[in-house]
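Report on the structure
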Amino acid sequence: MRQLPPEFFRTPYAFYEELRAQGPVHQIQLRTGVRAWLIVDYDAAREALRNPTIRKDPHTDTGAEARREGAGESGVGAVNARLSYHLLNTDPPHHARLRKLVTPAFAPARIEALTPRVTAITDELLDRLAGAEGPVDLMAEFAFPLPITVICEMLGVPAADREQFKEWSAVVSDITLSDPARMRVATDAIVAYFEELLARRRAEGLGADLLSDLLSASEADDKLTDDEIISMAFLILIAGHETTVNLIGNTMLTLLADPAKYAALHEDPERVPALIEEMLRFEGPVNMATLRYTTVPTVIGETEVPAGELVLVALGSANHDEKHFEAPDTFDAERNANGHLAFGHGIHFCLGAGLARLEARIAISRLLERYPDMRLAVDADDILWRESVLFRGVLDLPVETTKSPALR
């Protein structure tokens, strides 16, 4: 049984390539001792992500043993149970019901309408970088606060509460569960906060925010329960935040590590949307899809995985599969990266993909325009990566702005 090598969190791709050469599915043991079946091949990954016998619901009887063993990696037990009623944890037919009720809030036109506000928030954050003496951490000063501010505004979280919200988010985003007790305190607080906010919406009237949209969502007399609303708000907070933070950070590290790429993109900013798609493939923000469980013996590739087993789909490996992408370990801004699995596949395809793309597009475009001479303040090899099985992102990103920012 394979184990993740020590260098996995810095660069997992050599390990993935070695596994793909041996077959599409492998049994591995994580650092916590948890055993899981790891899918590393593009075609097998797509197959597993849409296979109805590989489920997400952690409350089914099958897979109970695997869930007990996987608690340390998935966060079960450290997270308030009322936060488990969201799309990412449900299967058909309940999943279809939830998605139908929630999808209108993420319609493309609704997301695109956020462009002016996301641009304004971006510029406010970039203004703070002006005149900085010495290196600044682009993650702490920009990549982290941008999506959390956008999400708070979308949910209708009052400005006075946002600093507390950021603290909770930082704790809950620590999926390594370095402090499970602190995780439980934070998730309990999030539940209590959203309960109070929902009560306030009902008492004062609905507004033009996502929480109000979820409260009013209905289909044929079907409405979301309070637990479903709170759980969906939690998912939006964590999934939306993590995806965008890592996408911005990974993109900037890749560009700044090769100043010629950064300069070329500054000269041709129309390429930013296509570049973001290649970045999603090359160094996507999610390394592995969240936990799944086999409900019956299931053949993946040519391997039969028994019932009740944990399954991990390595999105990062699938996106580097040489059978599907030519020279996959090369970042090619001219590549047509359509078909990448960075946002998943099938019924659990990320509902917030459009929002992540919008925020990344605006963030990278404005950084290029306003700070054309930005450079890394340390060697790229010295950048520390998060030790996370699920997420792929850097801990910090020290940069020098070198010159005053370009005028808006």
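Residues numbered from 1 in each chain as written. Predicted model: local features only at pLDDT ≥ 70, side-chain atom pairs only at ≥ 80, totals over all residues. Heavy atoms only, no water.

Attention now goes to helix α16 (residues 353-370). Helix length check: α16, at 18 residues, gives a terminal C-alpha distance of 26 Å against a target of 26 Å (1.5 Å per residue), a fit within 8%. For α16, a buried count of 13 out of 18 residues is recorded, marking the element as mostly surrounded by other parts of the structure. (Helix = DSSP H or I, 4+ residues; strand = E, 2+ residues; numbered from the N terminus. Expected span 1.5 Å × (residues − 1). Buried < 20%, exposed > 50% of the residue type's maximum accessible area, 1.4 Å probe, protein only.)

Attention now goes to the packing of aromatic side chains. Taken as a whole, this structure holds 10 aromatic pairs when the rule is applied. Summarising the aromatic geometry, the rings of tyrosine 42 and phenylalanine 325 are spaced 5.9 Å apart at their centres and angled 85° between planes, so their arrangement reads as edge-to-face. Separated by 283 residues along the polypeptide, tyrosine 42 in helix α2 (residues 42-49) and phenylalanine 325 in the loop between α15 (315-318) and α16 bring together distant segments of the chain. Each of the two residues, tyrosine 42 as well as phenylalanine 325, counts as buried. Taking NZ or CZ as reference, arginine 281 lies 5.4 Å from the ring centre of phenylalanine 325, over its face. (Phe/Tyr/Trp six-rings, centres within 6.5 Å; stacked < 30°, edge-to-face > 60°. Lys NZ or Arg CZ within 6 Å of the ring centre and 35° of its normal.)

Right, let's get into the pattern of salt bridges. Inspection of the entire model under this criterion finds 30 salt bridges. Aspartate 123 is paired through a salt bridge with arginine 366; the nearest N and O atoms lie 2.9 Å apart. Of the two residues, aspartate 123 sits in helix α6 (residues 115-129) while arginine 366 sits in helix α16, which places them 243 residues apart along the sequence. The exposure class of aspartate 123 is buried, given its relative accessible area of 6%. (Salt bridge = Lys/Arg side-chain N within 4 Å of Asp/Glu carboxyl O.)

At a minimum axis distance of 11 Å, the contact between helix α9 (residues 162-172) and helix α12 (residues 226-256) shows a crossing angle of 70°. Taken together, the axes of α9 and α12 lie roughly perpendicular to each other. Judged by residue contacts, Phe165, Ser169 and Val172 of α9 engage Phe234, Leu237, Ile238 and His241 from α12. Its residues assigned to classes, the contact of α9 with α12 shows five nonpolar, two polar and no charged. (Axes fitted to C-alpha atoms, helices over the stretch in contact; angles between N-to-C directions. Parallel < 35°, antiparallel > 145°, perpendicular 65-115°, else oblique. Contact = heavy atoms within 4.5 Å. Nonpolar A, V, L, I, M, F, W, Y, C, P; charged D, E, K, R; others polar.)

Residue alternation in strand β11 (residues 310-313) divides its side chains into two sets, Leu310 and Leu312 and Val311 and Val313, and both sets are buried. Pairing geometry for strand β3 (residues 35-39) and β11, over three bridges, is parallel. From the neighbouring strand, tryptophan 37 faces β11, where its bridge partner is valine 311. (Pairing = 2+ DSSP bridges.)

Before going further, it helps to spend a moment on the state of the cysteines. With the rule as written, the count across this model stands at zero disulfides. The cysteine cysteine 350 is free of any disulfide, with cysteine 152 supplying the nearest cysteine sulfur at 18 Å. Judged by relative accessible area, which is 24%, cysteine 350 ranks as partly exposed. (Disulfide = S-S within 2.5 Å.)

Let us look at the confidence of the model for the protein chain. Taken over all residues, the pLDDT of the protein chain has a mean of 88, while the share at 70 or more is 91%. Confidence, expressed as mean pLDDT per element, reaches its minimum in the protein chain at helix α3 (residues 64-74) with 40 and its maximum at α15 with 98. Taken as a whole, residues 61-76 scores under 50 in pLDDT and shows 27 contacts with residues more than four places along the chain or in a different chain. (pLDDT = per-residue confidence, 0-100.)

The next subject is the sheet that holds strand β12 (residues 375-376). Overall, antiparallel pairing links the three strands, which are arranged β5-β13-β12 in an open sheet. The outermost strands of the open sheet, each flanked by one partner alone, are β5 (136-137) and β12. The pairing of β12 with strand β13 (residues 398-400) spans two bridges and is classified as antiparallel. Of the residues in β13, the one forming a bridge with leucine 376 is valine 399.

Our next topic: the sheet that holds strand β8 (residues 292-294). Ordered by their spatial adjacency, six strands build an open sheet running β1-β2-β3-β11-β8-β4, and the pairing between neighbours is mixed. A single partner strand is all that each edge strand has here, and the edge strands are β1 (2-3) and β4 (54-55). In this sheet, β8 lies alongside β4 in antiparallel orientation, the contact comprising two bridges. The residue of β8 that forms the bridge with isoleucine 54 is threonine 294.

Summarising the element assignment, arginine 162 is placed in helix α9. Owing to a relative accessible area of 19%, arginine 162 belongs among the buried residues under this scheme. Each residue touching arginine 162, except ones within four places of it in the same chain, is listed here: Cys152, Glu153 and Val157.

Moving on, we come to the packing of helix α10 (residues 180-204) against α12. Contact geometry of α10 with α12 gives a least axis separation of 10 Å together with a crossing angle of 120°. Taken as axis vectors, α10 and α12 run oblique relative to one another. Once α10 is placed against α12, the crossing between them reads as right-handed. For the pair α10 and α12, contact is made by Thr187, Ile190, Val191, Phe194, Glu195, Leu198 and Arg202 and by Asp226, Ile229, Ile230, Ala233, Phe234 and Leu237, respectively. In the contact of α10 with α12, the residues fall into nine nonpolar, one polar and three charged. (Left-handed = near helix turned anticlockwise from the far one by under 90°.)

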